[in-house]
Every structure is written in C-alpha cells, then in structure tokens.
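Coordinate inspection notes
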Amino acid sequence: MTEMSAARPSVSSVQQWWVLTARTITPTFRNAELPTLAVASIIFTAAFYLPLKNLMGPVIGGMSSYAQYLTPMMAIQAIAFAAVSAAFRSAVDSVQGINRRFKALPIGRLIPMASRLSATMYRCVIALSIALLAGHVIGFRFYGGTAHTVSFCILALLIGATLALLGDLIGTWNENPEATLPIMVVPQLIFGLLSVGLQPIHRFPEWIQPFVRNQPVSQWVIAMRALAGDSTPAAGAVTWNSIGPALAWILGAMLILIPLHALVATRRR
Amino acid sequence: MMTLTVKDSQLVVDPPTARGKGRHRRVPALPENSLRRLVANTGVLAARLLRRWSRDSATLFASVIMPIVLLVTVDIVLGEGVTQITKHDALYGTVPLIAMVGIMGGANGSGISLMRERTDGLLSRLWVLPVHRASGLASRLVADVFRIEVTTAAVLCVGLMLGFRFHQGPLAWVAWMLVPVALGLAFSATVITISLYASDKVMVDATEIIWIVLMFFSTGFVPLHLYPDWIQPFVEHQPVSLAVEAMRGLSHGGEVRGPLIEMLLWAAGIAAAVAIPMALGYRKASTHG
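Residues numbered from 1 in each chain as written. Chains lettered and ligands numbered in written order. Predicted model: local features only at pLDDT ≥ 70, side-chain atom pairs only at ≥ 80, totals over all residues.

1. What about the overall build of chain A?
Short version of the rule: In this text, helices come from DSSP runs of H or I with a minimum length of four residues, and strands from runs of E with a minimum of two, each type numbered from the N-terminal end. Radius of gyration here uses only the C-alpha atoms, and the compact-globule reference equals 2.2 Å multiplied by the residue count raised to the power 0.38. A pair of residues counts as a contact when their C-beta atoms, built from backbone coordinates, are separated by no more than 7 Å.
A tally of helices and strands in chain A yields 11 helices and zero strands. Helices (α) and strands (β) of chain A occur, in sequence order from the N terminus, as α-α-α-α-α-α-α-α-α-α-α. Taking 18 Å as the expected radius of gyration for a compact globule of 269 residues, we find that chain A reaches 20 Å, a close match to that expectation. With respect to the principal axes defined by its C-alpha atoms, chain A has extents near 75 × 40 × 35 Å. Of all intrachain contacts in chain A linking residues separated by at least 6 positions in sequence, the fraction that spans at least 24 positions is 82%.

Right, here's the structure in full:
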C-alpha cells in the first residue's frame, strides 16, 4: 500500500496552473499574435480618433481635448479585443477535446480556466500599454498623480479580467470558434458606440439615454476619465459617485461568472 | 464482390446519364476536368455550403443579425451629427457601409469553416474523389454570392424602415444590390487565402483589423472633409468608400461611374493578387491535410 501511494506524484495546483499558462503564452512568441494585438490597439485608437475628432471635438463639454475624452474608451476597446481572443481560445479548447481530457486528470476544476485567464491578462497588459502609448501620441496625459494613474491601470485590468471571464465562459459553453467572434465583437462595438465614451449623453436620442448612461462601458469610462483627470475640472472628481458604479459592475459580473464557470467546467455529457 | 481495375475507373455512378441494361452499367464517363463536371460539382458543393450556413446560427448571426443591429446603432450614434453636415440623410452612406461590413464579417466565418473542413479531412476526401479540382474553390465563391445578396437585402430592409429611399428608379435599385458582389467576392478570396496559410487565431485577428479599418476610414462613416488632410486620399480611394459612393449615387444621387470603375479595378486587382496563392494553398491544404 505504501508503495502505491509513494508511486503517485504529488500534484501542485500552482505548478499545474503555470504549465497550462505557459502552454498558451509560449506560442505567442513564435506566431504573429503579439504584432496583431499591437496593431489592433493602435488601429482602434486611430479608427475612433481620426474620423470623430472634428465631428465630436466641439461638443465634448469643457474637456481640454478630444484625445483626453476618448482615450479611456480606447483602452477599454483594446482590452475587450484581447478578451475576445480568450473566448476564441476556450472555444477551440472545447472543440479539440482538451477540456474533456483535463476532466479525466487530477486537476482542479477551475485551473484550466484560471490559466487561460492569466494568459489573457498577459495580453490585456500588452494591449493596455499600447493603447496608452497611442493615447499619449494623440495627446492624452495623466493629470491625477501616481495613485490615480495606478488605479486607472488596475481598473482597466479588472475590466479585462471580467471580459475575459465572460468570453471564456461563452467560448467553453458554445464550443464553436466560428460563433465566438460575432458573439463577442458585435456587443463590443455596440456597447462602445452606445456609451458616453465617444460623445456626451445629451447627443443621444432621449429614449435611449437611460441605457447609455447606466450600461457598464459608460460607467467604466466615467470612472477612468475621473482617474486620468484633466487640466480642466470637466473630467469629474474621483469620488464614490464616479468610481462606485464601475466597481459594482465588475464585482457583480464576477459574482455571477465564477460560479457559472465551475458549473460549465464540471458539466457532463 | 466488385473489384476495381484501372479500366473500371471509367465507371460512373450517375444514373441519369447511364444507358444500358442490368445493374452494372458501363458508360463513357465525362472526364473529371470537363466543364460540365465543373458546373455540376460546383452546384452541388455550393448548395452544401448554403444549406450548412442556413442551419448554422453563427453564420446567420454574423451575416444578418449583426449588420442590422450595427446599422441601427450607428444611425442612433452618428446619424444626426452627420446628417446636419451632409444636408442629406446619413443613411445613404451608412446603409451601404454596414452592408459591406456585414459581408466582410460573414467572410470571416466562412474562412474559419474552411479551416475546420481542412482539419477534419473533408478537403482531402474531396481531392481523392472524381470531382473537378476547381469546384471546391468555385463553390465557395458561388455560395458567397448568395451570402452577400442575403446580407445586402437584410440591411436594405432595415434601412428602408429607418427612412432610406431610392430616388433613381428601379434599374438603379437593381444595380445598387449588385455593387457589393464584386468587392465582397474579392474580400472572400482574400480571407480564403489567408485562412489557407495563417493560423486560425492570426486569420481571425487580421481580417477583423482589415474590416475595422475599412469601416472607420470610409466616407460612409463620416464625411470626407472631417478626416485629417493626410489621410483623406486613403479614405477617398479605399475600396469600401468607393462602393459606398457608387451606392450613394445609385440611391440618393451623385456620381456613379467614377467610383464604380475604381472599385471594380480594386476588386480585379485583389482577385489577381490572391488567385494564384489561393489555388496553390487550396491544393496544398487538400493534399497535405
């Protein structure tokens, strides 16, 4: 008996997580994933800034420049793009059957998900850095001091984690890589366009204003804008009023998504 | 028990053309590479793709629902601002623009399904059957024509509900419906080519970036003079803008011939550039799994 139990290697959750994370990150050094991610972040900034600068510039209500107004939204778009890939990857994993194999191995039920999440966070960090660099080029600056700047980045990454969890869940659940792209990209564009990230609330038709104001992207934009600050006071102050709803959306989404992940990960067919 | 010899490979299984008595008929077969075979095989394979797409919620979502929702959103967000500047309804630009976006998004899905069929071995299986070699690619393009028309019609219906109208008569209406086909096919050919060479992840990202650039830097999104000077030449002469302008001319009014010819040149150029890599890539995908 002792011999048998000695022959069984001890499993470490941390090591398993690390191996599975490395499995997703290593290929990014060899294929064109990182360049595409960088290009995408830059493109998103240019795609909204260049056409809309002259259209929206006069109506943004007191902020110093359209770049200062737009960049929080660009950061969210770049991060969302990185999260879409989480959905794609988890769908591919499901289709190829590697998730079924994980279920047969002594691995914690959330570890494959956690490792995919870490790999996505790695992409989110890159996407955010490039989006902020692109923002800097068009004229975006942090006015709020170190604490606010760090909070800005942490908030952005928390948003990334939430979207990655959502994308991962959708991918694992529908097991269809072809479907994940439209399912993720269209809401990304719609929530982005119908938010206060591009233009002030009063520019929208009245009937849709309640949705525009309260939907998560708008609340995230408001919080990030306050954290970035501005040379004029129009960006809003950092108070619970401006930051609270953004955190509440993240917390609420996590509370729903993580149990659902455990459910989907152990589902049997 | 039937044993096949080299001679027996002349056997064909199409009963309608077979003449003779008994169960084992020997007829002179059409050569596998004959034009009639190409047409027949392309028809069968294109029907297969269309049947598959029409039952696949992802393709329907990408080609019909997504463009409709996007059109309504863009109209809510930018419609008023752009209309004030152009002095005519922004829909004359956004409807063609979103139709093109839906067409490009749908091409993405069909590129992924091509990759899947390659991994599943369907392409290699078709390669060893007496099927015309060109019918695999030809059928994809034929099916894409139908997909393009369905997307265009869906977007047009919603546009008509929002206030889009044809002021140039029924012939212009028909021409309006056909303009997206040329560019849509060129884009499909590009996506097919990328998906035959690149990894799935890169293909999806790359094509998404392409259509996002073409959408946001086009005269269907905001009027040309609002773009910075240095980028205006690109915005004016990129294919989607040209398609939008030709379609604007065919619906609201304005120049049609200039943009249309330039767009057809783009489509022909893209097609010429990808044709050979696409054919070689398809052969490789079919023979090397």
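2. Description of the overall build of chain B
To keep it simple, the criterion reads: Counting other C-beta atoms within 10 Å of a residue's own tells you its class, since 20 or more makes it buried, 12 or fewer makes it exposed, and anything in between is partly exposed; those C-beta atoms are placed from the backbone.
What chain B contains, in helices and strands, is 10 helices and zero strands. Helices (α) and strands (β) of chain B occur, in sequence order from the N terminus, as α-α-α-α-α-α-α-α-α-α. Every one of the 289 residues in chain B was classed for burial, and the buried ones make up 44%. Look at the contacts in chain B between residues 6 or more apart in sequence, and 77% of them connect residues 24 or more apart.

3. So, the interface of chain B and chain A
Our working definition: Residues are grouped as follows: Ala, Val, Leu, Ile, Met, Phe, Trp, Tyr, Cys and Pro are nonpolar; Asp, Glu, Lys and Arg are charged; every other residue, Gly included, is polar.
In this complex, chain B contributes 35 residues to the contact, which on the side of chain A involves 30 residues. Looking at the side of chain B that touches chain A, the element that brings in the most residues is helix α2 (residues 57-86) of chain B, giving 12 residues. Of the residues belonging to the side of chain B that touches chain A, the class tally is 24 nonpolar, eight polar and three charged.

4. Focus on the confidence of the model for chain B
All names here are of chain B. Defined as follows: Note: pLDDT gives the predictor's confidence per residue, expressed from 0 to 100.
Averaged over every residue, the pLDDT of chain B is 84; residues scoring 70 or more account for 89%. Every residue in residues 1-12 scores below 50 in pLDDT, and together they form six contacts with partners more than four places removed in sequence or on other chains. The ipTM assigned to the predicted complex is 0.73, against a pTM of 0.79.

5. Some thoughts on helix α11 (residues 240-265) of chain A
Stated formally: Expected helix span is given by 1.5 Å per residue-to-residue step, counting one fewer step than there are residues.
Compared with an ideal rise of 1.5 Å per residue, which puts 26 residues at 38 Å, α11(A) spans 36 Å between its outermost C-alpha atoms and is within 8% of the ideal. Those residues of α11(A) not exposed but buried are A:I243, A:A246, A:W249, A:I250 and A:H261.

6. Digging into the packing of helix α5 (residues 135-162) of chain B against helix α6 (residues 169-197) of chain B
Residue and element names in this part refer to chain B. Under the convention used in this document: Where helices are involved, their axes are fitted lines through C-alpha atoms of the stretch in contact, as for all axes, and angles between N-to-C directions lie from 0 to 180°. Throughout this description, any angle smaller than 35 degrees is read as roughly parallel, any larger than 145 degrees as roughly antiparallel, any in the 65 to 115 degree range as roughly perpendicular, and the remainder as oblique. Left-handed describes a crossing whose near helix is turned anticlockwise from the far helix through less than a right angle; right-handed describes the clockwise counterpart.
Axis separation between α5 and α6 bottoms out at 9 Å; the angle between their running directions is 130 degrees. Classed by the angle they form, the pair α5 and α6 counts as oblique. In terms of crossing hand, the pair formed by α5 and α6 is right-handed. Contacts from R140, L141, D144, V145, I148, E149 and T152 in α5 reach M177, P180, V181, G184, L185, S188 and I192 in α6. Residues of the contact of α5 with α6, tallied by class, amount to eight nonpolar, three polar and three charged.

7. Regarding the confidence of the model for chain A
With 94% of its residues at a pLDDT of 70 or more, chain A has an overall mean of 82. Per-element confidence in chain A is highest for helix α10 (residues 216-228) of chain A, whose mean pLDDT is 89, and lowest for helix α1 (residues 2-7) of chain A, whose mean pLDDT is 56.

8. Let's talk about the nonpolar core
Stated formally: Remark: nonpolar core denotes a set of buried Ala, Val, Leu, Ile, Met, Phe, Trp, Tyr and Cys residues whose joining runs through C-beta atoms within 7 Å.
Of all hydrophobic cores here, the largest spans 149 residues; its most connected members are A:A75, A:A78, A:I79, A:A127, A:M224 and B:A243. With sequence-adjacent residues up to four places away left out, B:A243 is seen in contact with B:P96, B:M100, B:V179, B:P180, B:L183 and B:M263.

9. Some words on helix α3 (residues 33-56) of chain A
Where we set the bar: The quantity called bend is, for any residue, the angle between two axes fitted respectively to the seven residues ending at it and the seven beginning at it.
Over its 24 residues, α3(A) extends 33 Å from the first C-alpha to the last, a length consistent with the 34 Å expected when each residue adds 1.5 Å. Remark: the principal bend of α3(A), roughly 30 degrees, maps to A:L50, with a proline, A:P51, within the next four residues.

10. Here we look at the environment of B:M263
Structurally, the position occupied by B:M263 is in helix α10 (residues 257-287). Among all residues touching B:M263, those that are not within four sequence positions of it are B:A182, B:L183, B:P239, B:L242, B:A243 and B:A246.

11. Brief notes about the packing of helix α3 (residues 91-120) of chain B against helix α9 (residues 239-251) of chain B
Residues and elements named next belong to chain B. The contact between α3 and α9 brings their axes to 9 Å, and the two run at 130 degrees. Accordingly, the angle class assigned to the pair α3 and α9 is oblique. Judged by the twist between their axes, the crossing of α3 over α9 is right-handed. On the side of α3, the interface is formed by Y92, G93, P96, L97 and M100, while α9 contributes V240, A243, V244, M247, R248 and S251. For the contact of α3 with α9, the class distribution of residues is eight nonpolar, two polar and one charged.

12. Here we look at the environment of A:I43
All names here are of chain A. Positionally, I43 belongs in helix α3. For I43, a count of 22 C-beta atoms within 10 Å corresponds to the buried category. Taking the C-alpha atoms as reference points, I43 and A131, 88 residues apart in sequence, are found 9.4 Å from one another.

13. What to know about the environment of A:V59
Residues and elements named next belong to chain A. Tracing the backbone through its elements, the reader meets V59 in the loop between α3 and α4 (66-96). On the neighbour-count criterion, V59 (12 C-beta atoms within 10 Å) is exposed. Once residues within four sequence positions are removed from consideration, V59 is found in contact with Q199, P200 and R203.

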